[in-house]
Structure formats: C-alpha cells, structure tokens
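The residues making up each chain are set out below.
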Amino acid sequence: MKSQKLAIAELVAPVVGLSTSDVAALIEYPPNEDMGDLALPCFRFAKQLRKAPTEIAKDVATTLTESGAFSKVDVAGGYVNVYLSHSGVARQVIQTLRSNPLFLFSEERQKGDSFAIDYSSPNIAKPFGVGHLRSTMIGHAIANLLRADGSTVIGINHLGDWGTQFGKNIAAYRMWGDEETVRQNPTRELLALYVRFHAEAEKNPNLEDEGRAWFKRLEDGDEEARALWQWFIDESLKAFQATYDRLGIHHEYVLGESFYNDKMDAVVDELREKGLLVESQGAEVVDLSAYDLPPCIIRKSDGATIYATRDLAAAIYRHDVLGGNHLIYVVGGEQTLHFQQVFKVLELMGREWAKDCRHVAFGMMKYNGERLSTRRGKIIYLEDVLEKAVAEAMRIIEEKNPSLPNKSDVAEAVGIGAVVFNDLKNYRMHEVDFRYEDVLNFDGETGPYVQYTHARACSVLRKAGSDWEKGTSVEAIVIGNDGMGNDAVGSSAGPGINADGSSGELHPSEWRLVVEMNKANEVFERAIDQLDPSLVARLVLDVCHAFNRFYHDVPILSAGTESDKMFRLGLTDATRAFIAYCLNLLGLRAPEAM
Ligand code: ARG
C-alpha cells in the first residue's frame, strides 16, 4: 500500500530537488489536529534552494493543492500542514486489512535478499534458561519480519555441542551418572553432574586431567566417548524440542559447533596463506591491534581450535553453502567483542560480504530484579517459567471467564504469550526484568492485554452475528452520515486521498484508531531496517489503546444509523486482523475468546 506520506513525497520531491524517500522521511505527525494530519517542515530545503523556508512551504502547498488530492493544505511558518480525507484513509485501511494484512509491506521492498539468522543456539547438556529465551524470541520475530518483507530466511540453531566441557560431562557421567535418571530429565541431570564435577575437582585436581583426557578421546574419535556425547546431544535435543514446540519455533538448520570440526583446517590454512596468522605465546592468533581490537585466537597452544575458529568456518559455510548473503547473529551483548573480531577477520580474509554481517545484541534478562548466572547455579529453567505462567493464566481465566469452552488451550496461548511479549516489547538492548504480576497483567502493556483486545474485537463481531459476515464487502461500508465514502479506493488521486475534497466525518476516536493502524507501513520498515521487533510490539499496543478508547467512546452495535454501524464493524474487523497479524509476527497466538 502506498502510504499518504509517500503520496505527498512524490509530489513534493521535484519541487525541492530531493528523493522521494528523503522527503517522506521528513514528514511528521503534528502534535495536535489543528495543525493537520501530516506536516512537512521545509527548513532543511532552504540552504539548497537558497530560499526562505516560508517561501518554499508556499510553493509546496501550491503543488499539493493543485493535485486536488487533499482535503486542505495550509502553510504555517516553515511548515506545510496537510489535511487528509479521513473517510478515504479509513476506507483504505479497512479494505487492505480485510483483504490482505500483508499490505504492511510495500512491494518495492521485496528485494530477494537472503538472511541466515543464528538464533536460540543453546548449549547442550545444560537446560534452556530464560536467558536463551531472548535470543530465541527476538530471532524468531526478526525472521518473521524479514520473511514478510519478501526475503529468504535461513534460521540456524548453532548448538553449543563441542568443547572441553564435554570431556568433563563424560567423566562425570562415567563416575556418578545413571542412564535412567538422565533419560528422564536429561538437561537438568547433565547439569547436576557437571556442577558436581566442578565441586569435586576443587578437592581433587586429578579430575581436571580426567576431563581433559576424555575430551581428547572424544576429539580422536574414541567409540565410547563419541557414543556418550551423541547420546547427551540426542537427549538434550529432545528436551529442547518440547520447549521449541510450545514456543512455535522451527529452525531450517540445526548445525551445532561440532558440525564445523572438519571445516576448520581450511580456515586455518587460508589464514596462514594470507599471512594473517601470527604466533603469540604458543598460540596462533590474528593480530587486530590496528583496529583497536584484542587478537583473535585461532588455535590454542595445545593445537585446539576455539569458539572463534568455529564461527569463522560457520560464517563461510552459511554464505558459500547455505546461500545467506546477510549473516545475522542474535546473541547477548556480552559477546559483542567476539563478533567484532570474527567480522574483522572475515574482512581481512577478503570476504567482502563481511560488511553484511550483523550482531543483533540484546540486554540481560533479570528475574525479579536479580541477575542470573549458570556458574553461580542461579539458573531459572524456562520450562518452569512457562509452566507457572500458564498456570497463572489459567487461574485468571477461571476468575474472569469460567464458562470459556477451551480454557486450557487459551491458558497455554496466554501464559506463553505473556512471557514472550515481555521479552519483545522493550528495545532489545534494554535489560528485561521478569515478574509474573507484571507480565500477566491484563491491563498493563502485556501480551495478555493485546490478546484480550483481540478477543474483545472478535466478540463484538460475533455479537453482530448475521449483520456482519466476514465477507461483507467494503463497498457496503459507508462512512459518515453524508454517505460520501466512495472517494478513495482506486481513485486516481492516490491512496486514501479524497479527490473531491469532501470528508465524511469520523468520530475522533475512530480517526485515532485509523491513524495508528495506518502507521504500520513505516513502522514495519523501520523495524526491519533496525532489526527491532519492539517497534511492532509498541505499535500493536498503540492500536490496542486506540481500539479500547473507540470501544468505550463510540457505540458499535447500537450505533444510531445502519451505515455507522457497518463502518464501525468494518473498523473492528480491521483491528482484529491487524492485532492477529502483529501477534503472529511476534510469535504469539491470538485466541478468539478468552
Ligand atoms: N551457544 C552460545 C552461547 O550460549 C551462543 C552461540 C551464538 N552463535 C554463534 N554463532 N556464536 O553463549
């Protein structure tokens, strides 16, 4: 859908000698309605055009007025204020949302790019903590956004399934482990064994050697070591899968760190050939001091490759074999330096696509105000959090709507949705604090609040019964009492713009709702450019606030006239579609009743 901003920008661009997109980016939503629906400040053009902003504003206003596409155009100082046909915009929003919510993406953005996104990537033999939830849900939402924008998305789960830790896991299991216990609760049991290993190793340092020896055997392909390691992976993956199913997560590829074991020699050789490897205290490193970065260790003094080496091999594989031309890493902010080093080394290796690699960092997850740490044993299991949130949602539903038919299914959608939305609603670099009271508050800025607003819209439409069928055509919706609703759709004047300058009056609460939904296009573009799903979460919250205001201020089913009623039902239906679409993008379900 062509936005009104774009329509204005197309007319203004030739007048001020800038590109359409540059002009569109300058257009603002004025703070109050006697300054129009959209405003263009003309100060920026003054230098280039050698003219006073007021004069430029007058020229711009003349062009816009002559187009006949707007209700009214005013000049106020250096600003041009544009008044839109409210009914025209409303009709267009309703029409597009009811036919295809994908209107949110204008076609020219579908660039055919492909993005390989590394997200979730938990460590095997440890439980899925709430910390990895952030990577999982932010990555999932970004993947959905990019897909909706027409890009190809390759989701990758870069499991932490290799390293000296596994030697310790094997040693511990052989000493104290029990097959049945691990089978029943693989990740918790393996973590318990690992923690016990560390505790005992403090008293008995020989254990460390034992762990190292087992890792060596694993690397050398020893049968027993391999079999145990593989079993740990299989059991852990089964446990992760249950969580992924609940969250609705699916990766195109699950390629753990071990997958790159046979792909690292080529990287090391290439680095050596290109003269990038230097020796430093027995280890082989790439010196990055010229870029103000610490050296990137490629091979340790004992010949072992490390995390960074694997990431180099993985990046090359993702680009060359999987065909990702943008590589995205959704990983906590504490790994920022690691990714700076990896991207720099790729660049020095001559991979020009290194400039298209992006670390999408995020802030820590706190739990009731406290930081979490696996090492200090302060780990909060995601399964427990989800379980408790669902139980809590169930309790609230029992209280509010005990006769709801599919209560447990709705409680699942609401409980999980509460946890997920809490993770996505703030700018990703901010820390997230998790408190059940807050995330499940139906009146706060929460997942349940958005889901509840959606269910409310569904309920209005259900009550309308045969007066409102999903198939009701937009032509049947007449806006305003004057019936002049037939102005915009398909008219040559442009989208949502009233050719004859008339405006079917909208109630202010109706208009506010239309305005919020009409921001979708630009907000989605920004969310994609900044890889920031919180912009979508904030937008859907704004739409929910506007809908609830509309719901309280304006009678829908008992509207004074039939045409008002049809229009308001159309708006309600559009809101329903809008909220459901945003919730799904963010990875939440949208129950029709709750
Ligand atoms: N497993 C790592 C961790 O939990 C995250 C891996 C991120 N992805 C990557 N390609 N390094 O810290």
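Conventions and cut-offs
Residues numbered from 1 in each chain as written. Predicted model: local features only at pLDDT ≥ 70, side-chain atom pairs only at ≥ 80, totals over all residues. UniProt positions renumbered as here; feature names shortened; annotations may be inferred. Core = buried A, V, L, I, M, F, W, Y, C linked by C-beta atoms within 7 Å. Buried ≥ 20, exposed ≤ 12 C-beta atoms within 10 Å, placed from the backbone. Contact = placed C-beta atoms within 7 Å. Pairing = 2+ DSSP bridges. Helix = DSSP H or I, 4+ residues; strand = E, 2+ residues; numbered from the N terminus. Axes fitted to C-alpha atoms, helices over the stretch in contact; angles between N-to-C directions. Expected span 1.5 Å × (residues − 1). Parallel < 35°, antiparallel > 145°, perpendicular 65-115°, else oblique. Left-handed = near helix turned anticlockwise from the far one by under 90°. Nonpolar A, V, L, I, M, F, W, Y, C, P; charged D, E, K, R; others polar. Domains from an automatic or database assignment.

- Per an unreviewed UniProt entry, the chain is named Arginine--tRNA ligase, and its organism is Alicyclobacillus mengziensis.
- A UniProt comment under Subunit (unreviewed entry) is attached to the chain, and it reads "Monomer."
- Looking at the Sequence similarities (unreviewed entry) heading of the UniProt record, one finds this comment for the chain: "Belongs to the class-I aminoacyl-tRNA synthetase family."

Regarding the nonpolar core
Phase 1 of the analysis: Formed by 141 residues in total, the largest nonpolar core has its most connected members in Val 80, Ile 117, Ile 142, Ala 389, Val 540, Ile 579 and Leu 586.
Phase 2 of the analysis: What Leu 586 contacts, discounting residues up to four positions off in sequence, is Ala 141, Phe 421, Leu 424, Pro 533, Val 536 and Ala 537.
Phase 3 of the analysis: Core analysis: the second largest hydrophobic core is formed by 22 residues, Ala 125, Tyr 194, Leu 218 and Leu 228 among them.

Topic: the sheet that holds strand E3 (residues 79-83)
Phase 1 of the analysis: Sheet architecture is open: three strands sit in the order E1-E3-E2, paired in antiparallel fashion. With one partner strand each, in any of the chains shown, strand E1 (38-41) and strand E2 (72-76) form the two edges of the open sheet. On average, adjacent strands in this sheet sit at an angle of 20° to one another, irrespective of strand direction.
Phase 2 of the analysis: Where E2 meets E3, five bridges bridge the pair, whose relative direction is antiparallel. Residue Asp 74 lies in a different strand from E3, and its bridge partner there is Asn 81.
Phase 3 of the analysis: Relative to the sheet, helix H1 (residues 4-16) contacts E1 and E3, its axis offset from that of E1 by approximately 35°.

Concerning helix H22 (residues 562-586)
Phase 1 of the analysis: Between its first and last C-alpha atoms H22 spans 36 Å; for 25 residues at 1.5 Å apiece the expected length is 36 Å, and the two agree.
Phase 2 of the analysis: For H22, the buried fraction is high: 20 of the 25 residues fall into the buried class.
Phase 3 of the analysis: Immediately downstream of H22, the backbone of Gly 587 shows phi near 95°, a positive value.

Here we look at the packing of helix H5 (residues 86-99) against helix H19 (residues 508-518)
Phase 1 of the analysis: At a minimum axis separation of 10 Å, H5 and H19 run at an interaxial angle of 55°. For the element pair H5 / H19, the angle class is oblique. Viewed along their axes, H5 and H19 form a crossing whose handedness is left-handed. On H19, the residues touching His 86, Val 89, Ala 90, Val 93 and Leu 97 of H5 are Trp 511, Val 514, Met 517 and Asn 518.
Phase 2 of the analysis: For the contact of H5 with H19, the class distribution of residues is seven nonpolar, two polar and no charged.

Examining the packing of helix H9 (residues 186-203) against helix H10 (residues 206-219)
Phase 1 of the analysis: Contact geometry of H9 with H10 gives a least axis separation of 7 Å together with a crossing angle of 135°. Looking at the two axes, H9 sits oblique to H10. Residue-level contacts link Phe 197, Glu 200 and Ala 201 of H9 to Leu 207, Glu 208 and Gly 211 of H10.
Phase 2 of the analysis: For the contact of H9 with H10, the residue count by class is three nonpolar, one polar and two charged.

What about the domain arrangement of the chain?
Often, the extent of an interface is quoted as the loss of accessible area upon association of its parts.
Phase 1 of the analysis: Entries for the chain in the domain assignment read domain 1 (4-84), domain 2 (114-367) and domain 3 (383-586).
Phase 2 of the analysis: Taken over C-alpha atoms, the centre of domain 2 sits 40 Å from the centre of domain 3.
Phase 3 of the analysis: Across the contact, 26 residues belong to domain 2 and 20 residues belong to domain 3.
Phase 4 of the analysis: Elements with a contribution of two residues or more to the side of domain 2 that touches domain 3: helix H6 (130-148), helix H11 (223-247), strand E11 (357-360) and strand E12 (365-367).
Phase 5 of the analysis: Counting residues per element, the side of domain 2 that touches domain 3 draws most heavily on H6, which supplies 11 residues.
Phase 6 of the analysis: Residue composition of the side of domain 2 that touches domain 3, by class: 17 nonpolar, four polar and five charged.

With respect to the sheet that holds strand E14 (residues 432-434)
Phase 1 of the analysis: Read from one edge to the other, the open sheet built from three strands follows the order E13-E12-E14, with strand pairing classed as mixed. The open sheet terminates on both sides in strands that have one partner only, identified here as strand E13 (370-371) and E14.
Phase 2 of the analysis: Pairing geometry for E12 and E13, over two bridges, is antiparallel. Note on E13: the bridge partner recorded for Tyr 367 is Glu 370.
Phase 3 of the analysis: Each of E12 and E14 is contacted by H6, which is oriented at about 140° to E12, the strand it contacts most.

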